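Examination of the molecular architecture
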Amino acid sequence: MKNRINIIHGDITKIAADAIVNAANSSLLGGSGVDGAIHRIGGMEILEDCQKIRAKQGGCKIGNAVITRAGNLPAQYVIHTVGPRWNGDKQNGSELLRNCYLNCFKLAHDNGVSTISFPNISTGVYKFPKKLAAEIALQAINESLSNNHSIKRVNIVCYDIENYNIYCMMIHNS
Ligand code: ADP
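Just so it is clear, the model here is predicted, and its values are computed rather than measured.

Re the site of the ligand
In the region of the ligand, 15 residues are neighbours, and Val 34, Ser 122, Thr 123, Gly 124 and Val 125 sit closest. Residue Asp 11 places a side-chain N or O atom 3.0 Å away from a nitrogen atom belonging to the ligand. Between the ligand and Gly 124, the relevant distance is 2.8 Å, taken from an oxygen atom to a main-chain nitrogen or oxygen of the residue. When the free accessible area of the ligand is taken as 560 Å², the share hidden by the protein chains comes to 91%. Its residues assigned to classes, the shell around the ligand shows seven nonpolar, six polar and two charged.

So, the packing of helix α1 (residues 33-42) against helix α2 (residues 44-57)
Their axes nearest at 6 Å, the elements α1 and α2 cross at an angle of 115°. Looking at the two axes, α1 sits roughly perpendicular to α2. Of the residues in α2, those in contact with Ile 38, His 39 and Gly 42 of α1 are Met 44, Ile 46, Leu 47 and Cys 50. When the residues that make up the contact of α1 with α2 are grouped by side-chain class, the tally is five nonpolar, two polar and no charged.

Describing the sheet that holds strand β6 (residues 153-158)
Pairing is mixed across the open sheet formed by six strands, whose spatial order is β1-β6-β5-β2-β4-β3. Both outer strands of the open sheet, β1 (5-9) and β3 (65-69), are each paired with one neighbouring strand and no more. With strand direction ignored, the average angle separating the axes of adjacent strands in the sheet is 25°. Sheet analysis places strand β2 (residues 19-24) next to strand β5 (residues 115-118), joined by two bridges and oriented parallel.

Regarding the environment of Phe 128
Turning to its location among the elements, Phe 128 is positioned in the loop between β5 and α4 (130-147). Expressed as a C-alpha distance, the spacing of Phe 128 and Leu 29, which sit 99 residues apart in the sequence, is 22 Å. Apart from residues no more than four positions distant in its own chain, Phe 128 is found in contact with Pro 84, Trp 86, Gly 93, Ser 94, Leu 97, Ser 122, Thr 123, Ala 133 and Ile 136.

Some thoughts on unusual backbone geometry
The phi torsion at Ser 122 lies on the positive side, around 75°, for a residue other than glycine. Assignment of secondary structure puts Ser 122 in the loop between β5 and α4. Here the phi dihedral of Lys 127 falls at roughly 60°; this positive angle occurs in a residue that is not glycine. With respect to the helices and strands, the residue Lys 127 is situated in the loop between β5 and α4. By relative accessible area, which is 61% here, Lys 127 ends up exposed.

Definitions and cut-offs
- All residue numbers refer to positions counted from 1 along the written sequence of the respective chain.
- Reporting of local features is limited, given that this is a predicted model, to residues whose pLDDT is at least 70; pairs of side-chain atoms are given and counted only at 80 or more, and all residues count toward the totals for whole chains, interfaces and linings.
- Calculation of side-chain values draws on the structure's entire complement of heavy atoms; hydrogens and water are dropped beforehand.
- For this description, a residue counts as near a given molecule or strand if any of its non-hydrogen atoms is within 4 Å of it.
- Polar contacts, as used here, are pairs of N or O atoms within 3.5 Å; protein pairs need one atom able to donate a hydrogen and one able to accept it. Residues neighboring in sequence count only if both atoms are side-chain atoms.
- Note on areas: Shrake-Rupley, 1.4 Å probe, and residue coverage restricted to the protein chains presented here.
- Think of it as three bins: nonpolar holds Ala, Val, Leu, Ile, Met, Phe, Trp, Tyr, Cys and Pro, charged holds Asp, Glu, Lys and Arg, and polar takes everything else, Gly as well.
- Orientation is described by axes fitted as lines to C-alpha atoms, over the contacting stretch for helices, and by angles from 0 to 180 degrees between their N-to-C directions.
- Where helices and strands are cited, they refer to DSSP runs of H or I of at least four residues and of E of at least two residues respectively, numbered from the N terminus.
- Should an angle fall under 35 degrees it is taken as roughly parallel, and over 145 as roughly antiparallel, whereas 65 to 115 is taken as roughly perpendicular and any remaining angle as oblique.
- Note on definitions: a residue-residue contact is assigned when non-hydrogen atoms from the two residues lie within 4.5 Å.
- Only strands that DSSP links by at least two bridges are regarded as paired with each other.
- Only protein chains enter the area calculation, which uses a 1.4 Å probe; residues under 20% of their type maximum are buried, those over 50% are exposed, and those in between are partly exposed.

The structure is reproduced here in structure tokens:
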């Protein structure tokens, strides 16, 4: 599985992939961090699709994911998932974060995606502990790759060097 995972230090909006995952919030209307960058660079097409989804289902629950077009981003789709805000409940938080990754893979598979980029969901404003988040992410990604052969490449795009170092160490030791 390892050879289908790339750990990248960079900006997810600048890396071409079939699908870019957004760490969104439940409103789907954009926010700070990676969400802000994706909406700013992707443009109106993404917001329009998010508004349609809101009209239909009223936003997105924590752990769930929805898919839109990608506007001006170097991708075909954006998959928006809502990570949990860290509140000290390790068990519940871990399960919700895991669901984010699994549900993104499900949408990717259903839409014929073969390359996908993930940011480090919940580790910014939502303050999830970075090492725990990386453990959960790698486990869910490995599991999804072994069940799903249509995904050829997963980019884990780390914006901050601390996350990048954590992922490099974990991949190296696995
Ligand atoms: P959350 O609310 O889920 O914590 P944030 O956007 O605040 O979402 O942070 C999630 C992660 O995204 C953080 O690790 C942050 O460093 C990272 N991030 C911020 N901007 C970008 C970007 N342009 N590309 C990739 N990752 C980014």
